[in-house]
Amino acid sequence: MMRQLELTLVPRPHPALFPSTRYQGSKRKLLPWIASHLRELRFDTALDAMSGTAAVAYLLKQMGKQVVANDRLFANAEIARALIENPGERLCEEDIEKAMQPRPGVLYSRFIEETFAGIYFTDEENRWLDVVAQNLSRLRHPYRRALLRFALFQSCLAKRPYNLFHRKNLDLRLREVKRGFGNKAAWDRPFPDHFRGFAREANAAVFDNSRENRALCGDALEAPGRFDLVYLDPPYLRRDGSGADYPGFYHFLEGICDYSRWSERLDRASPHLRLKPEPDPWLNASQARPAFRRLIERFAESILVVSFRSDGIPAEEEIAAMLRDAGKKVKVLRQAPRPYALSRNRDSCELLFVAK
Ligand SMILES: C[S@@+](CC[C@H](N)C(=O)[O-])C[C@H]1O[C@@H](n2cnc3c(N)ncnc32)[C@H](O)[C@@H]1O
């Protein structure tokens with residue numbers, strides 16, 4: 001009887017589905033596991049401080065919380081605007097088709113075609129990207145623009161080897177060799193097909209949880225406000241010292257969002273024409289440890305929930321000690337590695353620190 005009463009008092013999470021994504025480090029597949037632990041905590045406001053695809057912010061929104069999603073990459077803030085901040089705006093078929101058509105009377109720049117020839121996409125694909133990127137930059141409506149950009153980002157990732165922009169490797173995609181993996185079909189699928197499919201997925205994910213949720217772009221340390229709970233999912237630095245260089249992986253999507261200034265932001269010395277790098281403490285061990293500690297101290301008054309991997313830097317015990325130093329009681333939960341996971345290190349598992 002008691003159990004039945006509890007079940008009726010806990011609001012059911014909203015059933016909408018978070019869209020598919022190929023973003024490195026996305027927690028999308030871990031959401032049920034993370035949800036099972038978040039459900040045990042009492043909180044009303046939450047910050048996803050390094051939100052990436054906003055998958056965890058989305059889970060928090062589904063749980064009825066007031067959510068702020070923040071990421072240093074503008075493209076990720078756009079995704080959060082589409083799926084977290086957006087209270088209910090959806091695209092119609094006409095929005096999707098119009099985004100792909102050159103507008104009569106507009107003189108389009110051919111910046112992508114001229115600058116990135118032979119690097120990431122074919123000339124024809126680059127011409128399509130030039131048109132769509134400029135059409136979206138002109139759109140006034142922030143939520144429709146963000147939904148269309150979400151579709152554009154996912155389309156770009158689906159057509160890239162490794163789903164990244166870390167290397168000039170268009171030839172890998174175009175080479176006529178027999179392949180033992182299934183990405184070729186996604187690479188060959190035309191941009192408009194991907195775009196329509198992802199736009200529909202984004203549309204289906206839009207919902208209103210009757211709270212004022214926000215998307216921010218900036219350094220997690222500077223995210224303004226106080227929150228009952230803060231979720232931290234920082235870039236993962238492997239024991240061998242190699243880190244996840246998010247600006248280096250996704251610079252092309254940042255450029256799409258800043259089309260008119262893209263040329264001046266390019267690092268022309270890099271072979272794959274990334275954006276000029278900015279300081280990033282998550283790329284080496286000596287800076288990542290203090291960066292982790294600063295984050296924990298900044299949000300020490302909140303319940304802290306931290307994702308990391310067991311074979312990363314800092315190590316599990318170091319993170320737990322940082323949380324205890326901040327006055328927290330710490331529980332460490334682990335998700336056993338899947339035996340079929342294509343991980344370089346099969347002993348590595350996903351950790352979730354819950355610190356109250
Ligand atoms: C592991 S990913 C987060 C994945 C996310 N939880 C998801 O499910 O998609 C780490 C994120 O941290 C962001 N990031 C890196 N440095 C940051 C900083 N100083 N402030 C805010 N975000 C940062 C990266 O852009 C990246 O999206």
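On a predicted model such as this, the values are computed, not experimentally measured, just so you know.

Is there a simple way to think about the nonpolar core in this case?
For soluble globular proteins, nonpolar side chains are generally found buried alongside one another. In this structure, Phe 116, Phe 195, Phe 252 and Trp 262 are the most contacted members of the largest nonpolar core, which totals 85 residues. Here this core gets ten residues from one element, more than from any other, and that element is helix H8 (residues 142–158). For Phe 195, the contacting residues outside a window of four places in its chain are Ile 96, Ala 99, Met 100, Trp 128, Val 132, Leu 148, Ala 151, Leu 152 and Ser 155. Counting 31 residues, the second largest nonpolar core, distinct from the first, contains Ala 49, Leu 216, Ala 223 and Ile 319.

What should I look at first to understand the sheet that holds strand S1 (residues 45–48) in this one?
As a general point, the strands of a sheet are linked pairwise by backbone hydrogen bonds and lie either parallel or antiparallel. The strand order S3-S2-S1-S4-S5-S7-S6 describes an open sheet built from seven strands, whose pairing is mixed. The open sheet has two edge strands with one neighbour each: strand S3 (214–217) and strand S6 (330–335). Geometrically, the sheet is characterised by an average inter-axis angle of 15° between neighbouring strands, direction not taken into account. Sheet topology note: the S1/strand S2 (residues 66–71) ladder contains four bridges and is parallel. Residue pairing in the sheet places Leu 47 in a bridge with Val 68 of S2.

I keep staring at the pairing of strand S4 (residues 229–232) and nothing clicks. Help me out?
Every regular strand shows the same layout, with side chains that alternate between the two sheet faces. Neither face of S4 is exposed, since Leu 229 and Tyr 231 on one face and Val 230 and Leu 232 on the opposite face are all buried. Here S1 pairs with S4 via three bridges, running parallel. Looking at S4, one finds that Asp 48 is bridged to Tyr 231.

I'm lost on the pattern of salt bridges in this one. Help?
Side-chain pairs of opposite charge can arise where the charged atoms are in close proximity. With the rule as written, the count across this model stands at 27 salt bridges. Across the salt bridge formed by Glu 350 and Arg 309, the nearest N and O atoms sit 2.9 Å from each other. Of this pair, Glu 350 sits in strand S7 (residues 350–355) while Arg 309 sits in strand S5 (residues 303–309); the two residues are 41 residues apart in sequence, bridging distant segments of the chain. The network of salt bridges with shared partners includes Glu 78, Arg 81, Arg 145 and Arg 149.

Help me understand the packing of helix H5 (residues 93–100) against helix H11 (residues 191–205) in this model?
A pair of packed helices is characterised by two quantities: the angle between their axes and the separation of those axes. Interhelical geometry of H5 versus H11 gives an angle of 145° and a closest axis separation of 11 Å. Two packed elements cross with a definite hand, and for H5 against H11 that hand is right-handed. Within the contact between the two elements, H5 uses Glu 93, Ile 96, Glu 97, Ala 99 and Met 100 and H11 uses Pro 192, Phe 195, Arg 196, Ala 199 and Arg 200. Counted by class, the contact of H5 with H11 contains six nonpolar, no polar and four charged residues.

The rules behind each value
Residues numbered from 1 in each chain as written. Predicted model: local features only at pLDDT ≥ 70, side-chain atom pairs only at ≥ 80, totals over all residues. Heavy atoms only, no water. Core = buried A, V, L, I, M, F, W, Y, C linked by side-chain atoms within 4.5 Å. Buried < 20%, exposed > 50% of the residue type's maximum accessible area, 1.4 Å probe, protein only. Helix = DSSP H or I, 4+ residues; strand = E, 2+ residues; numbered from the N terminus. Contact = heavy atoms within 4.5 Å. Pairing = 2+ DSSP bridges. Axes fitted to C-alpha atoms, helices over the stretch in contact; angles between N-to-C directions. Salt bridge = Lys/Arg side-chain N within 4 Å of Asp/Glu carboxyl O. Left-handed = near helix turned anticlockwise from the far one by under 90°. Nonpolar A, V, L, I, M, F, W, Y, C, P; charged D, E, K, R; others polar.

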